[in-house]
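Structural characterization, general
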Amino acid sequence: MKTSSFKIDGRVCTAETGLNLIEAAKQNGVFIPTLCHFKHLDPLGTCRVCTVKLNSRDVAGCTVRVADGMEIEVNTPELLDTRKAIIEMMFVEGNHFCPSCEKSGDCPMQNLGYETGIKFTRFPHLFIDRITDARPERIVVNQNRCIKCKRCIEEVKTFDGYNIFYSINKGNKTMVSIDYEQEAKLSELQAAHAMHICPTGAILVKGKSFSKPFGDRKFDAIIEEKTMSLNPVKKHRTTTKKKIVATTSLAGCFGCHMSMLDVDLGILDLFEVIEFNKSPITDIKNFSKHCDIGLIEGGCCNTHNIEVLREFRKNCDILVSVGECAIWGGLPAMRNTFPLEACLKESYLDSMTSEENETIIPNHEDIPKILNKVYANHEIVKIDHHIPGCPPDSSHIWNVVKNILFQEEYSIAYPKYKYD
Amino acid sequence: MNRTGLLNKLWEFQNKFGYISENAIAQIAQKLNVSKIEIEGVVSFYHFFHRRPTGKYIIYLNNSIISEFKGFQQIKAAFEKETGCTFGCYDENPLFSLFETSCIGLSDQEPAALINFFPFTNLTAEKVKTIIQQLKNGNSLRFISSNPTSKIQYLPPEDKTIFYRKYEMGITLKKLKNHTPDEILNLISAANLEGRGGAFFPTAKKWKSSKDSVSTKKYIICNADEGEPGTFKDKSLLNNLSGLVIEGMIIAAYISGATTGFIYLRAEYLHLLEKIENTLREFQVNNLLGNDILGIPKFNFNIQIQIGAGAYVCGEESALIESLEGKRGEARIKKYFPTEYGYLGYSTIVNNVETFAMAARIIELGTHFISTIGTKESKGTKVLSICGDVAKPGIYEIEWGMTMKEILHLCQATSPHFIQISGPSGICINETEFDRKICKEDLICGGSIMVFNNFRSITKILENYTAFFKEESCGVCTPCRAGNQILHEKIKKIKKGICTIEDLAEIKEWGKIIKLTSRCGLGQFSANTLVMALDKFEGYFNQKIIKTNENLNVEFDMEAAVYNYDSLIKDTQPPNP
Ligand SMILES: Cc1cc2nc3c(=O)[nH]c(=O)nc-3n(C[C@H](O)[C@H](O)[C@H](O)COP(=O)(O)O)c2cc1C
Ligand code: SF4
Ligand code: SF4
Ligand code: SF4
Ligand code: FES
């Protein structure tokens, strides 16, 4: 066996010549994130989250075989951000509603979101209508989650060697589709394997997707007290007076507020240092003071939400989007892949409980108008910080608040950092 | 039937039935021993293959930016009015189906369309009416179609013209008889020939790599997929000098030892097929193709033509090879050069049409002659296709080193403002750069110049580009597939007039990410022009930006957001009592 000596981030490393860089880096204690890379398959090179620099040129790490003298950069700030951006692209290209996803907790893509510290995506979500195909015998293919990594195409075949999955269309319409005839030949084990190798929740085996309970899943199990870093955020100027906090729930479910209250008795300690102004917690309806921080649950689905949000922006120094709905629309944004007309008709005219021949969609000048889609708060006003989760853990919310208001050390245990 | 014959097989079905049915797919899948979805995947990759029945006449109207500015919308409306069909719909009209398509290589004669791949140029609403009437009357397409030949507008003085000089079949090839492959290769190398397909890779180096390869079979591919919007210089070379191009391929084969060549001809250029086939036949008759060419023992070489099926990315060499193999035209990962691992795994030389033509001229005219023309680093001449807001669109053969100003003067550009060099994947230049010279030392050009005057909306140009890339990405890698879509959304935002200074900064940042992380040239260059335009036309974009309130910071279009609701409520109100 020939070994090669090469450098990763300036450190001399060695590995077997010709070894895949991802493995070689791992042997030398360097983690390069991957999604499409799959042990024995030829490099697929589709997802690009493994982007590193080889002799100053950007390349997909999984397509590199190590050789003597290579200079590889992995963890420069620029590369860390580039890789994060690629994962963000996946989140906005598909429709990833982690809180309602069967794969949540077992999902390598979600986990990379955590690993790279994605709190919100820099890109706007595209909200493209994609199908969930339950026609196959054993499996369900949910196109909302597929990242077109091609693992399934290369790895899952029938016993007689036929492809079950294959890409169809091109450009932004590309998707990975399924052959019903071939799929019917899959054994139970093969189907389970397909679900297992899919790095997202796009392939599910009917009746099997919840066999492992949430909490016991692959990425739930990480116990080490790894902490998440806080993006640099505007810190509030320190003064001695009590800080004033406002909260509101826009297009949310009040779950985030419940989570705020989940500090239990801790709330009493909080009251020592903060006071609430406008908030459902105090039932103060209007701002009576300028506030130091505003916590927004939920995104904007109607004109009233926008008015409230703008009012918060005017009355709060720092504005925080709390929870998935506030950050990018969350579950209410499930409607974003459909035209508003279809949603309203389905709710008021064609639903099972609507009157026969109903033609009127309830409306009144006092009822806020429904927006064409649910908007993320940062699409409407400037948001200073985002706290992911559905809902975020109580400690996460208050740690962030205390960090911003009192510069208290921010630490949020890794298992508490979740999108679901 | 082999897998490599898949595209031809699909064309057979498409031509015979107007579409590729479920049944056809099942048949083919069975023959090839693959699952149906795999065939479906190939069919759906190419936009000239249809999965649903089409009319007797399939009309493809070019939607490139040049067409857009020359009246695309009116022509589109005219076609819809005259046929009663809708673009992009399979509306089961027995006579007509209408589709948009990206550039068809007729940018000097826009608006233009292909009807069953017969060209119709300089369209007007009147003309459309006549054409449709004629077709309804059963007139033959061959007789009513237009002549797609591009006008050759400019040539250097005779002693400096390289391409468009007299061509005589075979005189170049005769020289092969007295020279070894190495000697011929040295001539190409001495002339510093660099690829004319856009990447300017040294041709001799590529050919040497294949020559030195131990591959048991070798291939030569002529890349005639010219899909870069606004480009039609390869079309003109194939139209006027197909023999010269073929001689270039034969020279390459002589050097590398290849026995088979392919011309990958885009379907948009089907109207050239007959001509090229005739030339090939002549070559065969004259023993310039076939076995023991020119009496040189064991010098065997044959050329086949493969018709593409509508996919810009198939111009990328590795995607082209995949397509030739009967697969989806997805770019390969860059582990090997095609000369190391190409068509079916064998060493393969892929070159542009113009590169082959130039190689033939180098052998014919000698390196000394070539070296007296051009600049220090760019030797010889360059074929350009020029279109847009110019009085004389068409083909220009220029000596390398000509300034932009001279070119604009030659083509009689009217108030030139935004100039696109080498197509949307290339770069744009503004008025301050008109003194730049077209050559490697300064402003390299792949062969296309699009001129836009100062009345043209830059946003519209860029929107057209991003729409093109988002559709033509092969879809295999995330940044190109998702990124171009994201950028397209951004442009739409600028167009709506709700763009902030942050939006512009984001375009630059995001464009860079797409550039750095994409797998192939398409993604690597798709955001180029866009990012560049923001700086080069800063004044224009500054006017587009709205100053936002510091606190709100973000611009939000409330009116647009409630528009749907308002109109729906209005439509569902009971009539006033
Ligand atoms: C998206 C894309 C499209 C391309 N289209 C063409 C084309 O239409 N014709 C061409 O000759 N080269 C095209 N190229 C360049 C080819 O990949 C390749 O570099 C070229 O054919 C090599 O020939 P040359 O060395 O003679 O230029 C394209 C590249 C990319 C990335
Ligand atoms: S768990 Fe994974 S697949 Fe499911 S929605 Fe979240 S990121 Fe997507
Ligand atoms: S279904 Fe899963 S494995 Fe297959 S391409 Fe999509 S994300 Fe990858
Ligand atoms: S950059 Fe675009 S065209 Fe190239 S491989 Fe990636 S998706 Fe395909
Ligand atoms: S892991 Fe390398 S491209 Fe996907």
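The structure reproduced in this document is the subject of the present report. (Residues numbered from 1 in each chain as written. Chains lettered and ligands numbered in written order. Predicted model: local features only at pLDDT ≥ 70, side-chain atom pairs only at ≥ 80, totals over all residues. Heavy atoms only, no water.)

1. A few points about the overall build of chain B
Defined as follows: Secondary structure elements follow DSSP: runs of H or I no shorter than four residues count as helices, runs of E no shorter than two count as strands, and numbering proceeds from the N terminus. Computation of the radius of gyration draws on C-alpha atoms, with the globule rule given as 2.2 Å multiplied by the number of residues to the power 0.38. Exposure categories follow from relative accessible area, calculated using a 1.4 Å probe and restricted to protein chains: below 20% of the type maximum is buried, above 50% is exposed, and the middle band is partly exposed. In what follows, residue pairs with any heavy atoms lying within 4.5 Å of each other are defined as contacts. Only the protein chains shown count as cover for residues, with accessible areas throughout obtained via the Shrake-Rupley method and a probe of 1.4 Å. Working convention for charge: Lys and Arg count positive, Asp and Glu count negative, and His plus the chain ends are omitted. Note that the charge is assigned to NZ on lysines, CZ on arginines, CG on aspartates and CD on glutamates.
Within chain B one finds 23 helices and 14 strands. In terms of overall size, chain B behaves like a compact globule, its C-alpha atoms giving a radius of gyration of 25 Å where 577 residues would be expected to give roughly 25 Å. If you line up chain B on its principal axes, its C-alpha atoms span 95 × 60 × 45 Å. Out of the 577 residues in chain B, the part that is buried amounts to 60%. By sequence separation, contacts in chain B at least 24 residues apart represent 73% of the contacts at least 6 residues apart. For chain B, the computed accessible surface area is about 22100 Å², with 50% contributed by carbon and sulfur atoms. Here chain B holds 66 positive side-chain charges and 64 negative ones, and the gap between their average locations is 4 Å.

2. A closer look at helix α2 (residues 77–93) of chain A
To keep it simple, the criterion reads: Take the number of residues in a helix, subtract one, and multiply by 1.5 Å to get its expected span.
In this model, α2(A) (17 residues) spans 24 Å end to end at C-alpha, consistent with the 24 Å of a helix rising 1.5 Å per residue. Burial of α2(A) is extensive: 13 of the 17 residues sit out of reach of the surface.

3. Here we look at the site of ligand 2
Where we set the bar: Throughout, the term near means that a residue has one or more heavy atoms lying within 4 Å of the molecule or strand in question. Gly counts as polar in this scheme, as do all residues outside two lists: the nonpolar Ala, Val, Leu, Ile, Met, Phe, Trp, Tyr, Cys and Pro, and the charged Asp, Glu, Lys and Arg.
Lining the immediate environment of ligand 2, one finds Phe91(A), His96(A), Phe97(A), Cys98(A), Cys101(A), Ser104(A), Cys107(A), Gln110(A), Arg145(A), Thr200(A) and Gly201(A). Residue composition of the shell around ligand 2, by class: five nonpolar, five polar and one charged.

4. Overview of empty space enclosed by the protein
Residue and element names in this part refer to chain A. Stated precisely, the cut-off is as follows: Cavities and pockets are found on a 1 Å grid laid over the protein atoms alone: a cavity is a set of points where a 1.4 Å probe fits but cannot escape, a pocket is an open set with protein on both sides within 12 Å along at least five of seven lines, and a lining residue has an atom within 4 Å of such a point. Grid points are joined across faces, edges and corners, and a volume is the space filled by probe spheres set on the points. Here the bounds of each domain stem from an automatic or database domain assignment.
This model, assessed by the stated rule, comprises seven cavities of 30 Å³ or more. By volume, the largest cavity is sized at about 140 Å³. Taken together, 14 residues line the largest cavity, and the ones lying closest to its centre are Phe91, Thr121, Glu324, Trp328 and Tyr419. Sort the elements by how many residues they give to the lining of the largest cavity and helix α10 (residues 324–328) lands first, with three residues. The residue inventory of the lining of the largest cavity, partitioned by class, reads nine nonpolar, three polar and two charged. Composition of the lining of the largest cavity by domain shows at least three residues from each of domain 2 (96–220) and domain 3 (227–416).

5. A look at the site of ligand 1
Residues and elements named next belong to chain B. This is how the line gets drawn: Side-chain atoms alone can form a polar contact between residues adjacent in sequence; in general such a contact is a pair of N or O atoms within 3.5 Å, and within protein one must be able to donate a hydrogen while the other accepts it.
Neighbouring residues of ligand 1: 18 residues in total, closest Gly197, Asn223, Asn351, Asn352 and Thr355. Take Arg196: an N or O atom from its main chain is 3.2 Å from an oxygen atom of ligand 1. Side-chain polar atom of Asn223 to an oxygen atom of ligand 1: 2.9 Å apart, as the coordinates give it. Burial of ligand 1 by the surrounding chains reaches 90%, relative to a free accessible area of 600 Å².

6. Describing the packing of aromatic side chains
Stated precisely, the cut-off is as follows: Ring geometry is summarised as follows: Phe, Tyr and Trp rings, the Trp one being its six-membered ring, pair when their centres sit within 6.5 Å, and such pairs are stacked at plane angles under 30 degrees, edge-to-face over 60 and tilted between the two. Definition used: whenever NZ (Lys) or CZ (Arg) falls within 6 Å of the ring centre and also within 35 degrees of the ring normal, the charge is taken to sit over that ring.
One pass over the structure, following the stated rule, counts 39 aromatic pairs over all chains. Summarising the aromatic geometry, the rings of Phe262(B) and Tyr343(B) are spaced 5.0 Å apart at their centres and angled 70° between planes, so their arrangement reads as edge-to-face. Highlighted residues: Phe262(B) in strand β7 (residues 260–265) and Tyr343(B) in the loop between α13 (317–324) and β9 (347–352), separated in sequence by 81 residues. Like Tyr343(B), Phe262(B) is buried. Both rings, one in Phe418(B) and one in Phe537(B), keep their centres 4.8 Å apart while their planes meet at 25°; by these two values the pair is stacked. Remark: Phe537(B) occurs in the loop between α21 (528–536) and α22 (538–544) and Phe418(B) occurs in strand β12 (residues 416–421); sequence separation between them is 119 residues. Judged on exposure class, the residue Phe418(B) and its partner Phe537(B) are both buried. In textbook terms, an aromatic cluster arises when at least three aromatic residues are bridged by ring pairs, as seen for Trp11(B), Phe45(B), Tyr46(B), Phe48(B), Phe49(B), Tyr60(B), Tyr90(B), Phe99(B) and Phe117(B). Here the guanidinium or amino end of Lys170(A) rests over the ring plane of Phe45(B), the centre of that ring lying 5.4 Å away.

7. Brief notes about the interface of chain B and chain A
The line we're drawing: Buried area, as used here, totals the accessible surface that two parts lose on assembly, with accessibility defined by a 1.4 Å probe and the loss added over both. Each reported salt bridge corresponds to a side-chain nitrogen of Lys or Arg within 4 Å of a carboxyl oxygen of Asp or Glu.
Taken together, the contact pairs 60 residues of chain B with 67 residues of chain A. At the boundary of chain B with chain A, total buried surface from both sides reaches about 5500 Å², with 60% on carbon and sulfur atoms. Counting the surface chain B buries against chain A, the share from its top three residues, Ile37(B), Phe556(B) and Tyr565(B), is 13%. Where chain B packs against chain A, one counts six salt bridges. Between Glu181(A) and Lys36(B) there is a salt bridge, with the nearest N and O atoms lying 2.9 Å from each other. For the pair chain B and chain A, the number of links is 24 residue pairs in polar contact (both at pLDDT 80 or more).

8. Quick word on the environment of Met334(A)
Residue and element names in this part refer to chain A. With respect to the helices, strands and loops of the structure, Met334 is situated in the loop between α10 and α11 (340–349). Once the C-alpha coordinates of Met334 and Phe271 are considered, the two residues, 63 residues apart in sequence, prove to be 37 Å apart. Once residues lying within four places of it in the same chain are set aside, the contact partners of Met334 are Phe97 and Ser100.

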